[in-house]
Amino acid sequence: MEQTIRKAPLQCRVNGENVEVLVKPWQTLLEVLRDELRLTGTKEGCSNGNCGACTVIIDGQAVDSCLTLGLEADGHEVTTIEGLADGAELHPVQRAFMEHGALQCGFCTPGFIMSAKAFLDKHPNPTETELRTGIAGNLCRCTGYDKIIKAIMSITEK
Amino acid sequence: MRPFAFVSPRTLDEAVQAMAGAGGNARALAGGSDLVDQMRVGRRTPSLVVDIKNIPDMQRLEYIPEDGLHIGAGVSCTRTGEYAPVVEHYPSIKEVCGLIGSTQIQNRASIAGNVCNSAPSGDTIPPLLTYDARCIVVGPNGRREVPIAEFFAGPGQNVMAADELLLEIVVPPPPANSSGRYLRFIPREEMDIAVAGAASMIAVDPASKRCTTARIALASVAPTPVRARDAEAVLEGQVVNADVIKAASDLTPNATSPISDVRGSVEYRKELCKVLTQRTLEHCLADLGM
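All values derive from a computational prediction rather than experimental measurement.

Reading the values: the criteria
- Residues numbered from 1 in each chain as written.
- Chains lettered and ligands numbered in written order.
- Predicted model: local features only at pLDDT ≥ 70, side-chain atom pairs only at ≥ 80, totals over all residues.
- Helix = DSSP H or I, 4+ residues; strand = E, 2+ residues; numbered from the N terminus.
- Rg over C-alpha atoms; globule rule 2.2 N^0.38 Å.
- Buried ≥ 20, exposed ≤ 12 C-beta atoms within 10 Å, placed from the backbone.
- Contact = placed C-beta atoms within 7 Å.
- Expected span 1.5 Å × (residues − 1).
- Nonpolar A, V, L, I, M, F, W, Y, C, P; charged D, E, K, R; others polar.
- pLDDT = per-residue confidence, 0-100.
- Pairing = 2+ DSSP bridges.
- Axes fitted to C-alpha atoms, helices over the stretch in contact; angles between N-to-C directions.
- Left-handed = near helix turned anticlockwise from the far one by under 90°.

Enquirer: Any chance you could explain the overall build of chain A here in plain terms?
Expert: When you go through chain A residue by residue, the secondary structure sums to five helices and five strands. If you list the helices and strands of chain A from N to C, you get β-β-α-β-β-β-α-α-α-α. Taking 158 residues into account, the globule formula puts the C-alpha radius of gyration at 15 Å, and chain A, at 16 Å, falls close to it. Counting only C-alpha atoms, chain A reaches 50 × 30 × 25 Å along its principal axes. The buried share of chain A, taken over its 158 residues, is 46%. Taking the contacts inside chain A whose residues are at least 6 apart along the sequence as the reference set, 59% of them involve residues at least 24 apart.

Laid out in structure tokens, this is it:
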């Protein structure tokens, strides 16, 4: 088993495409996405798992990419905000955020949308309380959350 | 982050060898929600990080009625909390899997990682104490079992050597006619560190209604999570009613040695121990239809 103190190959799927990139073992997945793959939709906020701005989906589950090493994604399927829309067709969560004006500065928005997508995939018919708990790992300092909750609830199965 | 080497072994033997070969400066990586942040701020500076999540033994999640629940060190809190036997037999473990950190954290973090991080506030630990869980530790000298009550040595400290790995946590089957509950107090609804936490587990003889087993464990009120043995002794052998619950809960501060900090004072934490214990015991009784 090789111990790598220099760059190591990372092979994974990002937004449906096979990716092979050399990364430093101490680069977080967030750094790999932003600095190596130039997918800058994923944001760095607190860098310690409190704010959720860096949320991406790995194998269907929302995770904080700032607390995940890039090499941990080896062999896995990563989805970022750039991978949600189908061509020009926005994902329903993206459209709901737009239609409800569920953002002000927008910095937290990609993380919220990724959290909401993963949550709704698992809980298509949540109560508002369940939704608030489900996305408690994402902070917004502008909106007061009301419009975010309304946007997400608007696309749940009634 | 200070540079380090990284390996992702596929077998337990490879992982043990990697740990042994790092001169005591390797660190196992489970969910990473503690370790990656600790490395980022320089609190831990391992020369080697060993990702244990790709080792099949570390992904074991199995309930064997006569043997108990095996939770591999790499099993996420989300997976643990959704596992049907956990939902059915270990309500307090299910509870903590859903309240530690955020959804994003629960999707990565493992109970074993919370145990190895050994914070006095680790939410998953009090329920493990109430079920008399055992830690299965592996290292260059083989395998050993450490009762969870003997695992912790202080804030962030435990009895594992630097070259040892926590393989899995084994939680014995709960006693018949028992229930376990956990409550913590935090100023927010989610995403916070407990000011105090309390887990209770009681078993009651259906005929006599007397308590046959009582376990109470507390978090964030001592250098390690602790059992409240004086309080347990009040419950065992008694018909558990409101008076007995009150008497037991009032003794929980005996087991604690809290600090005053930004989250709460010594006095406040001791009071929380009483209140939280009382409520968990009431919930246990309600679960048992009493």
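Moving on, there is more to tell.
Enquirer: What is the right way to look at helix α11 (residues 266–287) of chain B in this model?
Expert: The α-helix advances 3.6 residues per turn, and as a result positions three or four apart in sequence lie on the same side. All names here are of chain B. Taking 1.5 Å as the rise per residue, α11 with 22 residues should run 32 Å; its terminal C-alpha atoms sit 32 Å apart, in good agreement. Among the residues of α11, those classed as buried are Arg269, Leu272, Cys273, Leu276, Thr277, Gln278, Thr280, Leu281, Cys284 and Leu285. Looking at the buried side of α11, the elements it contacts are β11 (178–185), β12 (196–204), β13 (211–219), α9 (229–235) and α10 (242–251). One or two positions beyond α11, positive phi appears at Gly289, with a value near 70°.

Enquirer: Can you help me understand the interface of chain B and chain A in this one?
Expert: Size of an interface: often given as the accessible area lost when the parts come together. Every contact between the two is made by 27 residues of chain B and, on the other side, 30 residues of chain A. When residues of the side of chain B that touches chain A are traced back to their parent elements, those giving at least two are β1 (5–7), α1 (12–20), α2 (35–40), β3 (48–51) and α6 (103–106) of chain B. Residues belonging to the side of chain B that touches chain A are distributed by class as follows: 13 nonpolar, eight polar and six charged.

Enquirer: When you look at the confidence of the model for chain B in this model, what are you seeing that I'm missing?
Expert: Low pLDDT means the predicted atomic positions in that stretch should not be read closely. Of all residues in chain B, 100% have pLDDT values of 70 or greater, and the mean over the chain is 97. The ipTM value of the predicted complex is 0.96, and its pTM value is 0.96.

Enquirer: Is there a simple way to think about the sheet that holds β3 of chain B in this case?
Expert: What links the strands of a sheet is backbone hydrogen bonding, and the strands pair in either a parallel or an antiparallel sense. Residue and element names in this part refer to chain B. If you trace the three strands from one edge of the open sheet to the other, you get β1-β3-β2, paired in parallel fashion. Every interior strand has two partners, whereas the edge strands, β1 and β2 (26–29), have only one. Across this sheet, the average inter-strand angle for adjacent strands is 25°, counted without regard to direction. Bridge count between β1 and β3: three bridges; the pairing is parallel. Bridge assignment links Phe6 to a residue of β3, and that residue is Val49.

Enquirer: Explanation requested: the packing of α10 of chain B against α11 of chain B in the structure shown.
Expert: For any two helices packed against each other, the geometry is given by the interaxial angle and the distance between the axes. All names here are of chain B. The contact between α10 and α11 brings their axes to 8 Å, and the two run at 145°. Viewed along their axes, α10 and α11 form a crossing whose handedness is right-handed. Taking contact as the criterion, the partners of Ile245, Lys246, Ala248, Ser249 and Asp250 in α10 are, on α11, Lys274, Thr277, Gln278, Leu281 and Glu282. Broken down by class, the residue content of the contact of α10 with α11 amounts to three nonpolar, three polar and four charged.

Enquirer: Is there a simple way to explain the pairing of β12 of chain B in this structure?
Expert: All names here are of chain B. Burial analysis of β12 places nine of its nine residues in the buried class, which makes it a mostly covered element. Alignment of β11 against β12, held across eight bridges, turns out to be antiparallel. From the neighbouring strand, Tyr182 faces β12, where its bridge partner is Ala199. Pairing geometry for β12 and β13, over eight bridges, is antiparallel. Among the inter-strand pairings, Ala203 is bridged to a residue of β13, identified as Thr213. Two successive antiparallel strands, β12 and β13, enclose a turn made up of six residues, where Lys209 displays a positive phi of approximately 65°.

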